[in-house]
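Next come the chains, spelled out residue by residue.
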Amino acid sequence: MVVGAAGFSESATLAEIYAEVLRTAGYQASTRTIGSRETYLPALESGQLTAVPEYAASLATYLNSQANGASAAPVASSDVDKTVAALTPLAAKAGLTIGTASKAQDQNGFAVTQAFADKHKVSTLSDLASACGGVVLAGPAECPQRPFCQIGLEQTYGLKVSEFKSYDFGAIGQAIRKGDATIGLVLTSDGSLG
């Protein structure tokens, strides 16, 4: 069995945990870091990968747009059970099976430095959009095309992204701290933030 991972540390860690659980249960299991969803889903669908830990809302949004077009009504929400219920038939249509959602959650978050937040008196993304005419956004390479990244920031919050800089997830926090980016897409489980 081969457990796939996206190209960032949290996904690789989860893949290792899944593989270890499978090994403990008597299976021969290994991991393989593939990259973005556009790369690992075809590998999963073709059988090169056995399983991939995923984010329910992100996968539901991706599969919904694949099945129903880019302007399809959203099926993901903050309710995990409803999101998984909407995701399950979309996944089945793509030849995928969805497991039970974990009780533990990690979510995408957006971070600025505390000094920046204090200087501009911002505590929400809406505040940031009102206070800044344009920001430099740091994120993974696919961020400009993702509805939960640059597209969402611009369409939902009215934030103007004047420049996008691509970083691996592990380097985004440092880019923000060094002033190379104003705001960055981070994972809420990132222990380096705080």
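Residues numbered from 1 in each chain as written. Predicted model: local features only at pLDDT ≥ 70, side-chain atom pairs only at ≥ 80, totals over all residues. Heavy atoms only, no water.

Peer 1: So what exactly am I meant to see when it comes to the packing of helix α2 (residues 37-46) against helix α3 (residues 56-68) here?
Peer 2: Each pair of packed helices gets described by two things: the angle between the helix axes and the distance between those axes. One way to put it is that α2 packs onto α3 with a least axis distance of 12 Å and a crossing angle of 80°. Relative to α3, α2 is oriented roughly perpendicular. Residues Arg37, Glu38 and Leu41 of α2 touch α3, and the partners they reach there are Ser58, Leu59, Tyr62 and Leu63. (Axes fitted to C-alpha atoms, helices over the stretch in contact; angles between N-to-C directions. Helix = DSSP H or I, 4+ residues; strand = E, 2+ residues; numbered from the N terminus. Parallel < 35°, antiparallel > 145°, perpendicular 65-115°, else oblique. Contact = heavy atoms within 4.5 Å.)

Peer 1: Would you explain unusual backbone geometry in this entry?
Peer 2: The phi dihedral of Lys121 falls on the positive side, at around 55°, and the residue is not glycine. As for its position among the elements, Lys121 is in the loop between α5 (114-120) and α6 (125-131). Note on Lys121: relative accessible area 70%, which makes it exposed. (Buried < 20%, exposed > 50% of the residue type's maximum accessible area, 1.4 Å probe, protein only.)

Peer 1: Even after reading the chapter, I still don't get the layout of surface pockets, so can you show me in this structure?
Peer 2: One simple way to see leftover space: roll a probe sized like a water molecule over the atoms. Looking at the second largest pocket, its volume works out to about 220 Å³. Lining the second largest pocket are Phe110, Ala111, Val112, Thr113, Gln114, Ala117, Val122, Ser123, Thr124, Leu125, Leu128 and Ile183. At the level of secondary structure, the elements contributing two or more residues to the lining of the second largest pocket comprise β3 (108-111), α5 and α6. Among the residues forming the lining of the second largest pocket, the class breakdown is 8 nonpolar, 4 polar and no charged. (1 Å grid on protein atoms, 1.4 Å probe; cavity = no way out; pocket = protein on both sides within 12 Å on 5 of 7 lines; lining within 4 Å. Points joined across faces, edges and corners; volume = space filled by probe spheres on them. Nonpolar A, V, L, I, M, F, W, Y, C, P; charged D, E, K, R; others polar.)

Peer 1: Can you walk me through the environment of Gly7 in this structure?
Peer 2: Structurally, Gly7 can be placed in the loop between β1 (2-5) and α1 (9-24). Take Gly7: its relative accessible area is 45%, and that puts it in the partly exposed class. Filtering out sequence-adjacent residues up to four positions away, Gly7 remains in contact with Thr33 and Gly35.

Peer 1: Hey, could you run me through the state of the cysteines in this one?
Peer 2: Across all of its chains, the model carries 1 disulfide by this definition. Paired by a disulfide, Cys143 and Cys149 hold their sulfur atoms 1.8 Å apart. Taking the sign of the S-S torsion, about -75° here, the bridge from Cys143 to Cys149 comes out left-handed. What makes Cys143 buried here is its relative accessible area of 1%. Cys143 provides the cysteine sulfur closest to Cys132, a residue in no disulfide bond, and the two sulfurs are 17 Å apart. We classify Cys132 as buried; its relative accessible area is 12%. (Disulfide = S-S within 2.5 Å.)

Peer 1: How should I be thinking about a nonpolar patch on the surface in this particular structure?
Peer 2: There is a patch of nonpolar side chains on the surface, built from Leu14, Ile17, Tyr18 and Val21 and spanning about 350 Å² of accessible area. Here Tyr18 lies in helix α1. What makes Tyr18 partly exposed here is its relative accessible area of 38%. (Patch = residues over 30% accessible without salt bridge, like charges linked within 9 Å, V, L, I, M, F, W, Y side chains within 5 Å. Areas by Shrake-Rupley, 256 points an atom, 1.4 Å probe, with all protein chains shown as cover. Salt bridge = Lys/Arg side-chain N within 4 Å of Asp/Glu carboxyl O.)

Peer 1: In this structure, what is going on with the packing of α3 against helix α4 (residues 80-93)? I would like to understand it.
Peer 2: Across the interface, α3 lies against α4 with an axial gap of 9 Å and an inter-helix angle of 45°. The orientation of α3 relative to α4 falls into the category oblique. The hand of the α3/α4 crossing is left-handed. Facing Ala56, Ala57, Leu59, Ala60, Leu63, Asn64, Ala67 and Asn68 of α3, the residues of α4 in contact are Thr83, Val84, Leu87, Leu90, Ala91 and Lys93. (Left-handed = near helix turned anticlockwise from the far one by under 90°.)

Peer 1: Sorry, what's going on with the pairing of β3 here?
Peer 2: Looking down a regular strand, the side chains alternate between one sheet face and the other. Along β3, the buried face is formed by Gly109 and Ala111; none of Asn108 and Phe110, which line the opposite face, is buried. Alignment of β3 against strand β6 (residues 183-187), held across 4 bridges, turns out to be antiparallel. Bridge pairing links Phe110 to Leu185 in β6. (Pairing = 2+ DSSP bridges.)

Everything listed here is a matter of geometry and, on its own, says nothing about what the molecule does.
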